[in-house]
2 protein chains.
Amino acid sequence: MAFSEFRPLDENSLIEYIKATPSLSSKIGHNYDGLKIKEVGDGNLNFVYIIVAPSGSFVIKQALPYMRCIGESWPMTKERAYFEAVALKQHGGLCPEHVPEVYHFDRTMSLIGMRYLEPPHIILRKGLIAGIEYPLLAEHMSEYMAKTLFCTSLLYRSTTEHKRAVVEFCGNVELCRLTEQVVFSDPYKVSEYNHWTSPYLDRDAETIREDYLLKIEVAELKSKFCERAQALIHGDLHTSSVMVTPDSTQVIDPEFAFYGPMGFDIGAFIGNLILAFFAQDGHAGQGNDRKSYKEWILKTIEDTWNLFHQKFTALWDEHKNGSGEAYLPAIYNNPELQKLIQEKYMKELLHDTLGFGAAKMIRRIVGVAHVEDFESIKEANIRADCERRALELGKTLLKRRREFVSISEVISAMKHIQS
Amino acid sequence: MAFSEFRPLDENSLIEYIKATPSLSSKIGHNYDGLKIKEVGDGNLNFVYIIVAPSGSFVIKQALPYMRCIGESWPMTKERAYFEAVALKQHGGLCPEHVPEVYHFDRTMSLIGMRYLEPPHIILRKGLIAGIEYPLLAEHMSEYMAKTLFCTSLLYRSTTEHKRAVVEFCGNVELCRLTEQVVFSDPYKVSEYNHWTSPYLDRDAETIREDYLLKIEVAELKSKFCERAQALIHGDLHTSSVMVTPDSTQVIDPEFAFYGPMGFDIGAFIGNLILAFFAQDGHAGQGNDRKSYKEWILKTIEDTWNLFHQKFTALWDEHKNGSGEAYLPAIYNNPELQKLIQEKYMKELLHDTLGFGAAKMIRRIVGVAHVEDFESIKEANIRADCERRALELGKTLLKRRREFVSISEVISAMKHIQS
């Protein structure tokens, strides 16, 4: 280890650090000729350096003890790097195809060395804004979610293993609290951090703060988020936490990871795809009306849930006589009963997914952190129209999620609002 | 501390231990003349000694590393004494009127020294079998449950405090697993430990093992038990965990304590009152038909829930601007909204209570550990009739709990089955 206490690295000290760290320096053959370093952190919380040398490459991510976008006035534990590293390793062990390999972790420095996701990998959100189709996206994301969520739940694990794992991630409470605040609380009250496309959405934001049913439903979801240790979730699975090429899908940045409700991950991903869908009208023009792209997004949403459903229940069938303790084989080893149980479980998971997805959509329009899908729409009135449609669907899903029995009904609701 | 490593105490080494322990010896004025020691543990897990001297008294409870009733073949961590001591202190701090004071705890020896609940305190279950009315029971138990459950939940605490507390009690996993097995699993499968009043209930036990809906519902409750850290629950709140006189109600033995669903505690207590009710016909005779006593039990069940509801929501109202993070005042500080939220919360809590209560009833009739309420009915055919009625209600409550909107409907269902 290069340093005995935490200090933020710059490009010079970074090289010194790499030289002193065999697990990193070996990745570039200990050869510093032609080494290139680029700082690329565009997030709110961290420094990210890309290190590329003729003989290899990696990424260094260092957590800072505050929110980078706001500055030192919003402190944020750098211990989150520890939880990110543990989650990357655990999820990576379960689904190596879609999680970048961790080469090195330094808890003192809050620093992770991991695989560099080389070009043409880009942030999925940017691809969605550019109108690029990713034919394998639903397949890959459903695979990632099915494996990571199933295998860290009581469907696969004993309660002893489960409680031990829950304990470890309870330490990530500061990041959980940030989610509680920005997703489940701030959008429903007056908060200095909230903003929206004003004045167009002034009344819409106010309506949310006055909607009793919405507040009742979001409280139920918040309780579930705080109390229910269902699986090791990524905790921030929006479309900027996914890097893609047409062939590759890689999930990054699980610093919000903890044992929480599965629907929070699935909802984050699907909710952000829905935001991407409603933003498309703002990106239309120059000979591309985005109509066929919108169809692709709809299909991707539908496929993501349906493939997740299929893969998750297939894992369940495969491991139904395993060490998972939720449904003991001596009680539930009957095809008809197994089917009934799975239908009930997946129906509730769909409802959780829609509820959490809706909460994530709403907060991106009237809360503190917005999404580039909408922010990149320059004309405020057009942006507001797009956002208002997303908001309408979000409110419907949050309040009436239990009436949806399949993802195709969500697609229909999206089309209805769009038309 | 008297001993440097664990050893089970006998009456001789107990005196040696007390002499070496000021927090205990001071309770009897360091005076060993006229000291009386009595071993009274009638439970399955521990040794319990009563120490009475002219100048004072206390109780010593020592956990053994196995289930006492079965022997060393069923190992059980003696660390449970630690969780019992912590729960006694925390619940005692919140509700000192109904929790005995802890004088001393020795983790190495798995030993708790605490207040001796002097005569005429008896185990509530024995009082219920004897047909004794406790006019303050519902008042006291509702007070205990409202205070301990409310104040250890996110209605009262910050999420930071909550996660820290959850972590500590995750260590009590072995006792949680015992509950998972004997309450949520064994009664629904063939198990060597199961027994029932045979041959009378052979078909009834078989029916339970074949009932898909029952198995689906009990799985939902098991998941909630394993995953939902709602409050610090006692974990074993049946009528043998309560000692009573006409004026005093004291809750003991929280060795199963952990952060779980509130309904598990309320259900345990109410479910065991329901068992006591259905056992009464087996105790009738000798000029006492127990009719008025059964009316008192019904009233006690109804009052327990209704008073709990009243006290719990009163605590909520009182602390609605406090540090509890489930419902932030900035979002929910509106009388009408507050009322809607409480109604929803209490409705769900009633359904949890009925579900868990039903699971506890069923397991006491066809599982490993039975209750003296029924076991003390000598005629097997009469006992089986009583048990079958309790089983019928248990199955109804487990499967149709969501249809009950008030406790009075439960009372009606009890009367209907009884008639």
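Residues numbered from 1 in each chain as written. Chains lettered and ligands numbered in written order. Predicted model: local features only at pLDDT ≥ 70, side-chain atom pairs only at ≥ 80, totals over all residues. Heavy atoms only, no water.

## Here's the deal with the packing of aromatic side chains
Working step 1: The tally for this structure, following the rule as stated, stands at 44 aromatic pairs over all chains.
Working step 2: Measuring from centroid to centroid gives 6.1 Å for B:F184 and B:F264, while their planes differ by 40°, and the two rings are tilted. You can see B:F184 sitting in helix α7 (residues 173-185) and its partner B:F264 sitting in helix α10 (residues 262-283), a full 80 residues away along the chain. For the pair B:F184 and B:F264, one class covers both residues: buried.
Working step 3: Through successive ring pairs, a cluster of aromatic residues spans A:F150, A:Y156, A:W305, A:F308, A:F312, A:W316, A:Y327, A:Y332 and A:Y345.
Working step 4: Taking the ring centre of A:Y32 as reference, the NZ or CZ of A:K19 above it sits at 5.0 Å. (Phe/Tyr/Trp six-rings, centres within 6.5 Å; stacked < 30°, edge-to-face > 60°. Helix = DSSP H or I, 4+ residues; strand = E, 2+ residues; numbered from the N terminus. Buried < 20%, exposed > 50% of the residue type's maximum accessible area, 1.4 Å probe, protein only. Lys NZ or Arg CZ within 6 Å of the ring centre and 35° of its normal.)

## Overview of the sheet that holds strand β6 (residues 102-106) of chain A
Residues and elements named next belong to chain A.
Working step 1: Taking strand neighbours across the sheet as the criterion, the five strands line up as β1-β2-β3-β7-β6 in an open arrangement whose pairing is antiparallel. A single partner strand is all that each edge strand has here, and the edge strands are β1 (36-39) and β6. Mean inter-strand twist for the sheet, computed between neighbouring axes without regard to direction, equals 15°.
Working step 2: Of the pairings in the sheet, the one linking β6 to strand β7 (residues 111-114) comprises four bridges and is antiparallel in character. (Pairing = 2+ DSSP bridges. Axes fitted to C-alpha atoms, helices over the stretch in contact; angles between N-to-C directions.)

## Quick word on the pairing of strand β7 (residues 111-114) of chain B
All names here are of chain B.
Working step 1: Alternating residues of β7 divide into L111 and G113 and I112 and M114, and every residue in both groups is buried.
Working step 2: As defined by bridge partners, strand β3 (residues 56-63) adjoins β7 across four bridges and the pair is classed as antiparallel. Within β7, the residue paired with K61 across the bridge is I112.

## Thoughts on helix α6 (residues 159-170) of chain B
Residue and element names in this part refer to chain B.
Working step 1: Taking 1.5 Å per residue as the helical rise, α6 with its 12 residues ought to reach 16 Å, and the 16 Å between its terminal C-alpha atoms agrees with that figure.
Working step 2: Listing the buried residues of α6 in full gives T159, H162, K163, A165, V166, F169 and C170. Summarising the axial view, the buried residues of α6 lie within an arc of 165°, below the 170-degree limit, and thus occupy one face. (Expected span 1.5 Å × (residues − 1). Arc of directions from axis to C-beta.)

## What to know about the relation of the copies chain A and chain B
Put simply, the two copies of the chain differ by a rotation about an axis and a shift along that axis.
Working step 1: Its rotation angle being 180°, the transformation that places chain A on chain B also includes 0.0 Å of axial translation and leaves an RMSD of 0.0 Å. Here the two chains are linked by the operation of a two-fold rotation axis.
Working step 2: Comparing interface residues between copies, 100% of those in chain A also sit at the interface in chain B, which points to an isologous, same-surface contact. (Least-squares fit on C-alpha atoms with pLDDT ≥ 70 in both. Contact = heavy atoms within 4.5 Å.)

## Side note on the domain arrangement of chain A
How big an interface is tends to be reported as the loss of accessible area on association of its parts.
Residues and elements named next belong to chain A.
Working step 1: Here chain A is partitioned into domain 1 (11-114) and domain 2 (122-418).
Working step 2: Every contact between the two is made by 23 residues of domain 1 and, on the other side, 29 residues of domain 2.
Working step 3: Across the interface of domain 1 and domain 2, roughly 2400 Å² is buried in total on both sides, 65% from carbon and sulfur atoms.
Working step 4: Summed over the shared surface of domain 1 and domain 2, the number is four salt bridges. (Domains from an automatic or database assignment. Buried area = accessible area lost by both parts, 1.4 Å probe. Salt bridge = Lys/Arg side-chain N within 4 Å of Asp/Glu carboxyl O.)

## Focus on empty space enclosed by the protein
Working step 1: By the definition in use, this model includes nine cavities of 30 Å³ or more.
Working step 2: A volume near 240 Å³ is recorded for the largest cavity.
Working step 3: As for the largest cavity, its lining consists of 24 residues, of which A:V166, A:A229, B:V166, B:E227 and B:A229 are closest to the centre.
Working step 4: Of the residues contributing to the lining of the largest cavity, the split by class is 16 nonpolar, two polar and six charged.
Working step 5: Empty space within the second largest cavity amounts to approximately 100 Å³.
Working step 6: Lining the second largest cavity are 13 residues, with B:W316, B:H319, B:K320, B:Y327 and B:Q338 positioned closest to its centre.
Working step 7: Considered class by class, the residues forming the lining of the second largest cavity number seven nonpolar, five polar and one charged. (1 Å grid on protein atoms, 1.4 Å probe; cavity = no way out; pocket = protein on both sides within 12 Å on 5 of 7 lines; lining within 4 Å. Points joined across faces, edges and corners; volume = space filled by probe spheres on them. Nonpolar A, V, L, I, M, F, W, Y, C, P; charged D, E, K, R; others polar.)

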